[in-house]
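So the chains spell out like this:
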Amino acid sequence: MAGNRMVEKSKRAIKDALLDLMYVKDFKEITVNELLVKANISRGTFYAHFNNLDDVRQQLVADLYAHADEIFGEFKASDLAKDPRAAMLTAAEMMIQSRDPAKRVFKFINVYGLASELKGWLADYILEDELIVKQFGGMEKARPYASFIAGGIMHAYNVWILEDFPVSAQQLVDCLNGILMGGLKAVVDYDAE
């Protein structure tokens, strides 16, 4: 049990160090030696967990998707269309809890082309809900709507974190909730009328 905690602690130190370094310099300029010093670990510890720096970066991507699945996994898109506030507030509060690391993660997302992947993940999440797809009139018609919604949400959170909008998480979520309730909810409720 203690061994697992030590493994996770050293992996976390490596990933945090890479995020710190990527915040100030391009990934291609970072060396393993630099990372070892920043993470305060040995070369053997690094290679016990990762094959190379790109392996660490890919683990950061996997962590990001796992966290997104954790936040949204219990909700279907049609449930969120009824009241997305809880899931959006959870995401905003997670960012607020560690604003600087969140900024690093968003820089990481933007610089390394993950923003479009995350938008794609969120759009696919919306499209996995058969009710939403049916209400939009089929997959072909639903895809542009889902992409638009996903892009707007990702952009709003991104700008809020990176530019420090002078609004609270609650205010941001209330605004996004209003937009979604007027858009996605209207589509879901369309057939019910």
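Residues numbered from 1 in each chain as written. Predicted model: local features only at pLDDT ≥ 70, side-chain atom pairs only at ≥ 80, totals over all residues. Heavy atoms only, no water.

*Asks:* So what's going on with the nonpolar core? Residues and values would help.
*Replies:* Core analysis: the biggest nonpolar cluster contains 32 residues, and Leu 122, Tyr 157 and Trp 160 have the highest contact counts within it. Listing elements by their share of this core, those giving two or more residues are helix H4 (53–72), helix H6 (85–97), helix H8 (114–127), helix H9 (130–136), helix H10 (139–163) and helix H11 (169–190). Apart from the residues lying within four places of it in its own chain, the contact partners of Leu 122 are Ala 150, Ile 153 and Met 154. Counting 18 residues, the second-largest nonpolar core is a separate cluster that includes Ile 14, Ala 17, Leu 18 and Leu 36. (Core = buried A, V, L, I, M, F, W, Y, C linked by side-chain atoms within 4.5 Å. Buried < 20%, exposed > 50% of the residue type's maximum accessible area, 1.4 Å probe, protein only. Helix = DSSP H or I, 4+ residues; strand = E, 2+ residues; numbered from the N terminus. Contact = heavy atoms within 4.5 Å.)

*Asks:* Now, about the environment of Val 133: what can you tell me, with residues and values included?
*Replies:* Looking at the secondary structure, you find Val 133 in helix H9. Judged by relative accessible area, Val 133 falls into the buried class, the value being 12%. For the pair Val 133 and Ala 146, spaced 13 residues apart in sequence, the C-alpha separation works out to 9.2 Å. Setting aside residues up to four positions removed in sequence, Val 133 forms contacts with Leu 127, Gly 138, Met 139 and Ala 142.

*Asks:* Which residues make up the pattern of salt bridges, and what values go with them?
*Replies:* Taken as a whole, this structure holds four salt bridges when the rule is applied. Measuring nitrogen to oxygen at the nearest pair gives 2.7 Å for the salt bridge that ties Lys 25 to Glu 34. Residue classification places Glu 34 among the partly exposed positions, given a relative accessible area of 24%. Among the ionic pairs, Asp 124 bridges to Arg 143, the shortest N-O distance being 3.9 Å. Here Asp 124 is found in helix H8, whereas its partner Arg 143 is found in helix H10, with 19 residues between them in sequence. For Asp 124, a relative accessible area of 40% translates into the label partly exposed. Taking relative accessible area as the criterion, Arg 143 reaches 39% and is therefore assigned partly exposed. (Salt bridge = Lys/Arg side-chain N within 4 Å of Asp/Glu carboxyl O.)

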